[in-house]
Every structure is written in C-alpha cells, then in structure tokens.
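Chain residues, written in single-letter form:
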Amino acid sequence: MGFLSLMQNHLLTFIIFVPVVVAALLLCIPGRFKPVFKIATITATAIQLLLAILIFQSFNTSPAVSSAIQPGFVFQYVEKLDWINLDLNTFGKLSIDYFVAVDGLSVTLVGLAALVLLVGAISSWTIQDNTKGYFLLYLLLCASVVGCFVALDFFLFYLFFEFMLLPMYFLIGMWGGPRREYAAIKFFLYTLAGSIFILIVMIGLYTSVMDPIETGIQAGILNDAETVTQAQITEVQQRIQENTIPKNQIVKTFNMVAMMDRANYLPDTLLEVNNNAGIFGFSARLIAFMALFIGFVIKLPAVPLHTWLPDAHVEAPTPISVVLAGILLKVGGYGLVRATYSIFPDGAVFFAWWIGLLGVIAIIYGAMNALAMKDLKKLIAYSSVSHMGFVLLGLASLTSEGVSGGLFQMFSHGIITSMLFLIAGVVYDRTGDRMIAHYGGLSVKMPSYTTLVVIAFFASLGLPGFSGFVAEIMVFLGSFNAATINQLLPRWMAIVATVGLILGAAYYLWTLQRMFFGPYYLLKDQWNGQMIDLNLREYVMLIPLALATLVFGIFPSLFLNMVNASVSSFVHFVNTVGEENLRLILGK
Amino acid sequence: MEKSIEVHSLGTQLSEIVESAFFVFPEICLLAFLLLILIFDLIFRQKLLWLFTITALLGLFLTTGLLLQQWSLTAESSEGLSLFSRMIQLDRLAIYFKILICVSAVFTVLISVNYKSRAGSFHLRSVKRIGEYYTVLFGLLLGAMLLSMSTHLLIIYLAIELISISSYILTNFNFDERSTEASIKYILYGGVSSGVMLYGMSLLYGLTGTLDMTHPSFQENIAAAPMILVLFAGLFTLGGFLFKISSAPFHLWAPDVYEGAPTPVVALFSVVPKAAGFVVLMRYTAHFFSQVSFDFPWQTLLAVIAIITLLLGNFAALWQKNVKRMMAYSSIAHSGFILIGVLSTSSFGMLSVLFYVSVYALMNLAAFLIIIMISRETGSEEISQYRGLGEQYPLIGVLMLIAMISLTGLPPTAGFTAKLFIFSSLWEAYQSSDNLMLLLLLVFGLFNTVVSLFYYLKIPYFMFFKKSETTFVADRFSHQRTGRRHDKFYLFDKILAIVLIFPLLILFFKSNWLIDFIHTIPFEF
C-alpha cells in the first residue's frame, strides 16, 4: 500500500492540494455539466474533512518537547522541502521552504475549515449561473484557506494569505447581491492594505533572520541537517552574533520558527532585540509588532478597521458568507497567534493593555451595532465583530485560560456563525429579502426552522451547554485573572466585557421575538406560498453544525485537550521571552 | 585585452577599432539585417509581405544567438571589455540587457503580425510600409543595444538620439491624426530633454576634461570640482535618462505617445528604451553619484524622484478610461519601482532591478498583446468596452487577469517576487544608511500597490463583473461569421499570450531559474 503510507506521511500536503487537483480536472470539463462541478466540489471538501479527521485522530495531544530547533513549540506532521534557494550576492543566500506542520494552535482550525468548507460547498448547490467559474474559484479558496493554517514558512503563508483574496473577490463580486461590486472591491482593498503591513514586516524579518542549520552547513560547522545537536546550533548562533561568519555564507530564511528565536537575528539588523537604533526613537520591534497586528486585525476584524465586514457579508452569496465568517476571520486570529505573538512576544506584552481595550471596544461596539441592525445578515455580521472581540481580549490576557478561550471562541464562532448565515440564507432563498421587520411569527409556518434558529441564537448568545458559553467564560476567567497572574490587564476589562453578553442576549432574543414569534406576518402576500419549512439539503447542513456546537459545549475537553499542551507552551513562551526581550529593548 | 589602453596614434587607433569590431558582432548582425530589409523594401515593394517579417525574425534570432554566445564566452568573474578606445563597455550586464532587448523585440514583431490600427492604415499584412517599419524598429534596437554598453557620454548621447529619433517615427506609424500629434509631442519633449542632457554633459566635460565616465580623471575631477557646478551638470544629465525611463518629472510624453502610437510599438516603447535607460542610469549612479566628494544626499534625491513618479503614475492611472493611457501611467509607476532598486546601489539592488525589468517586460508585452486582441474585436481601446468579455472568452479573461495581478504585484505571480526583491534591497539600504527617506519610500511604495490594485483590477472588473449590455458584439460576430474563422481571436495570438503569461507563474514558483542567471553578472562597473 504505497499510496496509503505516502498519504500518511503527507497528510497536510494532501489536504491542501486535493481541491487544487480537483479544480485542475474540472477545468477540462465543459461548463454545461453543472452537477459535475457541484458533486466534485462536495467530494473534494468531503475528502478534506476526512483527511482532517485522520489528522485529528493521530494527533498527539501531549507531545514531548524533544527537538532542539523549536523553542517551546512542538509541531506534528512536519513536511519540509527546499522550494526556492537563491544566491543573492552580498545579500547572502535566501532559502524559502515548503514547510507545513500543525500544532495545537492550528490543528483545530484545520478541522473547522474542513467542516465549514464542506457545509459551504453543500450550500452552494443553488448556484446557477456560471457554475464552472464559481466552483473552480471555490476550490481554490478551499486550498488556500487550509494552506494558510498549516504553513510555517512566512513566504508560503503569505502566498496562501494573499491568494485567498482573489477567489473571494470574484465570488463576492460576481455572485453577490445588488451592491456586490462595491463590497468586493472594498473587501479587496481593505485586506490588501492589511497585507501590505504584513509584507513590510515580512521583508524586515527575512532580511534579518538566518536559518541556523543551513547557515551552519554553509559555514562548515554542521555536516548535514539530519544530525543536529543543540550545541551545534548554539555555536552557529554565537558565531553569527560575533560576526565571524562571512556574509555570503549566511542563509536568510522565511522560516517562522527560526524567526521566533531571537538568537537567529543577525546583529545590527533593525529587528534585532539589542538594536537601539529604532525608528523615530521607537523600537523597531514594537513598530513591527504593531504593523503585523494591524495587518491581521483588519482580517479579524477589530473595531476601527471592521467596516468592510458588514458590506462583504451582506452582499456575498450565502455560502461565501458562511466561509467568510466561518473561516476567513479566523485566519486573522490565527495570524495573530502564529506570527504576531510568537515572533514579537515583546510587543504582545508591551501592548497587552491596548489590545485588551480593543477587544472590549469590539465586544461592546459590535453588540450595540447588532442591536440597531434591521437586516438579519448585518446583525449577524456585527455579532461576529462582537465575538471576535473576545478573541482579542483572551489573547491579550496572555493566560492559559484566556488564550485557550480565545482559540475556542474562534472554533465555536466558526461553527455557530456558519449556522447563523445559513439561517439567514434560508429566508433569503425563499423571498429574496432579509429585513427583520418584514417577517413575524415564522414559527407558525416553519417550526423546524425556528427550532434550529433558536439553537443557533442561544448558542451564539452564550447559553450554557453550547460551545460559545465555554469559550466566553474562559476568556472572562483569563482576562480577570491576568491582573494577578501577569498584571497585563486590569480587572475592569473583563467586567465591562460581560456587558457584551447581556447585549448579545438582547439582540438575539429581540430578533427571535420579532421574526419568529408573535402574530404571523409577511410584508408581501406572495411570499406566503414560499414559506415552506427546511428541505433535506438545509437539514444536512444545519443539523451537524447544531450537533457540533452542542457536543463541544457539553464536552469542551474534546477541544481543550487538543490545544492545551500547545497553549501552555505558547503562553509560557510569550510571557517569559516577551518580558526578557522587552527588558532588552527598553534597556531596563 | 588590457583595460587601459592609451591611444596615441592613428595606427593604434585603427587597429583597436578592428580588434573591437569582433566584439560587436551582434550589433553588426543587426545592422546587416537592417540594411537587408531596406534593400528588400526597394526590390519587393508591396509584394511578398511575409518575407519582411521572416527576415526580421531571422535577424533577431541570429542576433540573440550571437548574444548568447557572447554570454557564454564572458567568464563570470571578468570585469568586462572596454572597446573602441573606452567608448563602450562590454560586460555581462550589457549582454543581459541586450538579450532582453532582442527577446522583447522578437515578441514585438510577433505581436505586430496581427495588429490592425483603428483606421486600418497600419496592418502588417497589407501595407506597403512594412519594410520601413522594420528598418526603423531595428534602428531603435541598435540604439538600445548601444546604450546598454555605453560608458562614454558621447556614445550615450548618440545612442539616446538614435532611440529617440526611431521612436518619433514609429509613433507616427498609425498615420492618423492622433498618431501624428503624439509624434510631434514626443519630438518636442524629446528635443528639450536631449538638449538639457547635452548641456549637462558639456558641463561635465568642461569640469573633467573627459567624456569617459570610467576614466580615473573623470572621477578625480568630479571630486575636486565646485559643488554647484557638479550638481547642475549631474542633474541635467540625469534628466535625459529620466526621460528615457519615463520617470517624473520627464514623464509627460508617455500618456499621449502610448495612446497615439500603434499598440505593438507601445509595447516596445514600454520595455526596450526603458530597459536601456535603466542600464545607463545604473552605470551613471555608480560612476557619477558615488564619486561626488561633498555630502550630497543623492540617494534621497532619487528616493524623492521615485516617490513622485509612483504618486503621479498611480494616481493619474486611476482616472484613465483608455486602456493604453492607463498602461502609460502604469509604466510610469513601474519606473518608480525600478528606480528603488537603482538607488539601493547594492549588488542585490542591481540584481533585483534586472529581475524586475525582465518580469516587467513579460507582463507588459502580454498585457499589450491582449489589448491588441481585444481592441481588434471591440474596435475600441476604452476600458468600458471590456464589459462582459471575460464570460465570453474565459481564456482571454483569465490571461488578462494574471497579467494585471502580476502588474499589481500579488502572489502567485512573478510581479510579486520582483517587488519583494526590490523592497528587500531597499530595506537593506535603509538598514545600512539609516536614511529615513528610504523607510518612507518603502512604506509609501508598498502602499502604492493598493492604489494600483484599484486601476489594474478595473479591467478584470469590467471583463467579469459587468455584463455586456448590448448585443452588438454578437451581431457583429454573426456578420463576420460568413468569414473564415469561428473564434474571434487568432489561434496564433492566443498561443503567444499563453507563452508570455505562463512564465509569470513559473517565475513565481521557481524564481531561481532566472535569478541564477542574473547572479552570474558581476555588478562592479
């Protein structure tokens, strides 16, 4: 069984490239065979989900910290291949790797992505015009989203991160609602502006970070990459700091893991910890943290930079809203954890208060806006903003509970919000209208629909028993305890954030009351015939999601076991290294 | 050959010319074909039109072959040869650019094959002027090849004039009002900037007593001369080069010329003279700017020019409705990006300039080819006429999309890699000089990408998002259906477009295939 073992060893490659291969095959099929595209896409995403389950199954939840080259982070399913090696004269050598792996921080998001993408594919069944284009783009989106969660080479990560924009732009702009073009271009410009921030930092990083192993091989200190000891790496790093390795032997790298170790930074580069030069008198590292933070926060999105989200959501077709809210927002959160926090832990400690504040503002502001929205989809979009605020708050606390809570919130929000957008899609499919005020007492006509709506709303507002509750409680705990554990956040932030919960209950219950209970009412009489209860396809999409949020709400350990080991090493790393770096940067 | 040959007598001079002639074989070959085409033109006027194209291609292939041979002959470490009593310098940098120029010219000829101007006055398959077209085109190429080798101010001037005069004529090849107007504008701007440059050069000669930039006395005297004079001389000379690369403040000619000139010629203009201009600019910065003794912030100066160029190019492009005008401003903006690599002055910077220029040539030729294909069908160069074309012709739509994405500089295209290198070299320059202007340029330049996205995406936007509102295309199509072809695009053009676009993707995933070549160029002038 050569193929099986090949697959076992390259699970991540398979999960990224299955949609690409399917897309390539579909390219050869004429566009008139519409069902072929639908079935093929559903199959491809189903295979992705299967692979994700395989990854989950054999994922080691308590790995031993063994390898010397990974400062506190333990990655599994590592695949590392040389991709581009360049010799750039005085600049030194440059290595870009195909480097993918998962750890506790990313594995759950891979699973979430696979699930949501499958649901999105099923939900895309109703797409009628230009089916071929739609599903090809959707498959490309599937590949790049998953790729983003597993890439550990910054170049590769950036490739996937940027490549998501294009399919998304076309999916919103060609299949979206009336103002789709405006929404699509706004989405593209916002996120591209964000990625420019990321690009600037990426340039700064790769020009200042060397790969200790490859540099060691170039300089003759190491023989090959297989038998590397910690002592040898330390020797290479020391010689780098002493400037005794000639410039053309230094191998610069995009490897994010190498970027996390401050000993890998070349002396006298701006992003090096001991460099006091700075920009306008500020430490370059702190500025870089801010830039990277802004880049990802646009995607998340946090409050001052969130305005693209309601537009994109409202105009996107239902499946794309699902994918957008379910996974793409998580890319922002994941980027914060993986890149911003891990590479610049100093900034994470330094700006913790401000990030926490941003989180609180997002929670309250998003909820207040949701309360005022008349369009069901907009309401859900703003509730997303509010819920993503919890991610920020949890991360800012830099406590185990807070960070796990933030990750859990991303996971659970992915499931719940997918459900919510599907729910909004159900009425929209039937009438082409999403205004809350145009409906009333739907429970009379659509009882099963109403049941699922109630489940989704209660899950989203954080009722105990659903995953959202656990996540939010953990964030509260984490941010409340931060005051005693690492003194990064004041207590009032956690307390104020709880107002978000109350507001959440308010807008959901109010919507429930207006749309589903009370006297039966429709704006237009001709809608009456269209108000039929859920069909099989809608059940297939909604029930698994509802079950998932319940299961993870009742057994949160299913999720927490996966992330615990990684979160505790992450929190430990960011706190200790962040403090140390900050002391060096600020010269205390 | 010794690098410093002192010239004494006519005899040694003559023998040196004879010796040097061996090293300019590619240019001689090009010249021979130029004459051949001219003779053909006299003999076969209005007949055997394909013969001209075949001959031109043959000449270009032969020249490229000779250049490749030159490339393989020059050892990697050699410093380059000074030829014709230090008039020109043959090194790998020059050879690389000459190859680039010839390859671009091959594509230009191939693009021209199916081009038809709006009034139908310029169509290579039916017009008697074909011989003239190729003759002048070869003249331009000759000038560009000469320019990429020249280190002597006189030769620089001559080469630039040769390029310019050929360009003025080529601009007029549509033979309509627009074309003539553009040509006249080009002559006026060109004349002024040539004059300014010549004035600067004469000042430089007065200060140093030599026109040879590589001559030791040139550098010594520059170092000794009074600041104001050197500044004037240097900046005036710089103006001529900026004109060739269509950089601010000498960019004004570009939009009109791009709009008026035949599209294949525009494709050539956007690549060949610009590439040659950048070589000479690189040599000039190495020989002149880095030699001035006083503390002149020339890096800042170039950074300011780059910023202005980026600003003007990108923001003016936003408002354009004509696709060729838009491409003109885009090419101005790209000059700004390439300038960034030039001002970094590290060998990494030079390397990224070469990479960028090569990728840029591919992108632009591809974009113009598709513009030609589309404008032949819609009969218009307005961007709004692109509506609905993406759905009608998915292949063309996707190819155009890739070209536009690459021009914007997004992955997965080589345009991204090129920008990454350019800005990395700028970051390095900033780190070593601590010049805040460079950091500003970095941030500013990258955010210009967002601006440029807006206008580059306009084309795919119209192609894919807008439905064609009238059925006139279909009507026209049914009228034409009586003709020979089913598809509205020539298969030849489609293949050519794929050939041009495909490397843009390849060079993203395997940029080392090109970089490994460029890497062997010793960047010491």
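Residues numbered from 1 in each chain as written. Chains lettered and ligands numbered in written order. Predicted model: local features only at pLDDT ≥ 70, side-chain atom pairs only at ≥ 80, totals over all residues. Heavy atoms only, no water.

Quick notes on the overall build of chain A
In step 1: Helix and strand counts for chain A come out as 24 helices and five strands.
In step 2: Taken against the 2.2 N^0.38 rule, which gives 25 Å for 588 residues, the C-alpha radius of gyration of chain A at 24 Å falls within 12% of a compact globule.
In step 3: Oriented by its inertia axes, the alpha-carbon framework of chain A measures out at about 80 × 60 × 40 Å.
In step 4: Burial status across chain A gives 65% buried among its 588 residues. (Helix = DSSP H or I, 4+ residues; strand = E, 2+ residues; numbered from the N terminus. Rg over C-alpha atoms; globule rule 2.2 N^0.38 Å. Buried < 20%, exposed > 50% of the residue type's maximum accessible area, 1.4 Å probe, protein only.)

Examining the interface of chain A and chain B
In step 1: Contact with chain A, which involves 46 residues of that partner, is made by 43 residues of chain B.
In step 2: Between chain A and chain B we count two salt bridges in total.
In step 3: Among the ionic pairs, Glu181(A) bridges to Lys466(B), the shortest N-O distance being 3.6 Å.
In step 4: Inspection of the chain A/chain B interface yields six residue pairs in polar contact (both at pLDDT 80 or more).
In step 5: Broken down by secondary-structure element, the contributors of at least two residues to the side of chain A that touches chain B are β1 (76-87), α6 (154-163), α7 (165-175) and α8 (180-208) of chain A.
In step 6: With 17 residues, the single largest contributor to the side of chain A that touches chain B is α8(A).
In step 7: Residue composition of the side of chain A that touches chain B, by class: 32 nonpolar, nine polar and five charged. (Contact = heavy atoms within 4.5 Å. Salt bridge = Lys/Arg side-chain N within 4 Å of Asp/Glu carboxyl O. Polar contact = N/O pair within 3.5 Å; in protein donor to acceptor, adjacent residues only side chain to side chain. Nonpolar A, V, L, I, M, F, W, Y, C, P; charged D, E, K, R; others polar.)

A look at a nonpolar patch on the surface
In step 1: Together, Ile543(A), Leu547(A), Val551(A), Ile554(A), Phe555(A) and Leu558(A) line one region of the surface with nonpolar side chains, adding up to about 540 Å² of accessible area.
In step 2: Note that Ile554(A) resides in helix α23 (residues 536-554). (Patch = residues over 30% accessible without salt bridge, like charges linked within 9 Å, V, L, I, M, F, W, Y side chains within 5 Å. Areas by Shrake-Rupley, 256 points an atom, 1.4 Å probe, with all protein chains shown as cover.)

Here's the deal with helix α12 (residues 284-299) of chain A
Residue and element names in this part refer to chain A.
In step 1: Here α12 is 16 residues long and its end C-alpha atoms lie 23 Å apart, about the 22 Å a rise of 1.5 Å per residue gives.
In step 2: Burial runs high along α12: 13 of the 16 residues are buried.
In step 3: Of the residues flanking the start of α12, the one acting as N-cap is Ser283, its side-chain oxygen 3.2 Å from the backbone nitrogen of Arg285. (Expected span 1.5 Å × (residues − 1).)

Focus: the side chain of Thr151(B)
All names here are of chain B.
In step 1: As for its position among the elements, Thr151 is in the loop between α5 (130-149) and α6 (153-171).
In step 2: On the accessibility criterion, Thr151 (2% relative accessible area) is buried.
In step 3: Residues contacting Thr151, with those up to four places away along its chain left out, are Arg86, Met87, Ile88, Gln89, Leu211, Asp212, Met213, Thr214 and Arg283.

Focus: the layout of surface pockets
In step 1: The volume enclosed by the largest pocket comes to roughly 1600 Å³.
In step 2: For the largest pocket, the lining is made up of 42 residues, of which Leu27(A), Leu140(A), Phe163(A), Val398(B) and Ile402(B) are closest to its centre.
In step 3: Among the elements of the structure, α2 (11-27), α5 (131-150), α6 and α7 of chain A together with α15 (389-392), α16 (394-408) and α21 (491-509) of chain B are those that each provide at least two residues to the lining of the largest pocket.
In step 4: Among the residues making up the lining of the largest pocket, the classes are represented as 35 nonpolar, five polar and two charged. (1 Å grid on protein atoms, 1.4 Å probe; cavity = no way out; pocket = protein on both sides within 12 Å on 5 of 7 lines; lining within 4 Å. Points joined across faces, edges and corners; volume = space filled by probe spheres on them.)

Focus: the packing of helix α4 (residues 92-113) of chain B against α5(B)
Residues and elements named next belong to chain B.
In step 1: Where α4 contacts α5, the two axes come as close as 9 Å, and the packing angle between them is 160°. One finds that α4 runs roughly antiparallel with respect to α5. In this structure, α4 meets α5 at a crossing whose hand is right-handed. In this structure, α4 uses Ala94, Phe97, Lys98, Ile101, Cys102, Ala105, Val109 and Ser112 to contact α5, whose residues at the interface are Tyr133, Tyr134, Leu137, Leu141, Ala144, Met145, Ser148 and Met149.
In step 2: Among the residues forming the contact of α4 with α5, the class breakdown is 13 nonpolar, two polar and one charged. (Axes fitted to C-alpha atoms, helices over the stretch in contact; angles between N-to-C directions. Parallel < 35°, antiparallel > 145°, perpendicular 65-115°, else oblique. Left-handed = near helix turned anticlockwise from the far one by under 90°.)

Details of helix α24 (residues 557-586) of chain A
In step 1: The largest bend in α24(A) amounts to roughly 45° and is located at Val563(A).
In step 2: Directly beyond the C-terminal end of α24(A), a positive phi value near 70° is found at Gly587(A). (Bend = angle between axes of the 7 residues up to and from the residue.)

Re unusual backbone geometry
In step 1: A cis amide bond links Ala248(B) to the next residue, Pro249(B), at an omega of 0°.
In step 2: Position of Pro249(B) relative to the elements: it lies in the loop between α9 (227-244) and α10 (253-260).
In step 3: Positive phi is not limited to glycine here, since Gln487(A) has a value of about 55°.
In step 4: Here Gln487(A) shows up in the loop between α21 (467-485) and α22 (491-515).
In step 5: With relative accessibility at 57%, the residue Gln487(A) sits in the exposed group.

Section: the pairing of β1(A)
Taken residue by residue, a regular strand's side chains alternate between the two faces of the sheet.
Residue and element names in this part refer to chain A.
In step 1: Relative to strand β2 (residues 93-102), β1 is paired through nine bridges, and the arrangement is antiparallel. Looking at the pairing, Glu79 lines up with Val100 of β2.
In step 2: The loop that links β1 with its antiparallel partner β2 comprises five residues; one of these, Asn89, has a positive phi angle of about 50°. (Pairing = 2+ DSSP bridges.)

Describing the environment of Gly200(B)
Residues and elements named next belong to chain B.
In step 1: In this structure, Gly200 sits in helix α7 (residues 177-208).
In step 2: Taking relative accessible area as the criterion, Gly200 reaches 0% and is therefore assigned buried.
In step 3: Separated by 40 residues in sequence, Gly200 and Gly240 have C-alpha atoms that sit 9.2 Å apart.
In step 4: Beyond its immediate sequence surroundings of up to four residues, Gly200 is in contact with Ala233, Phe236 and Thr237.

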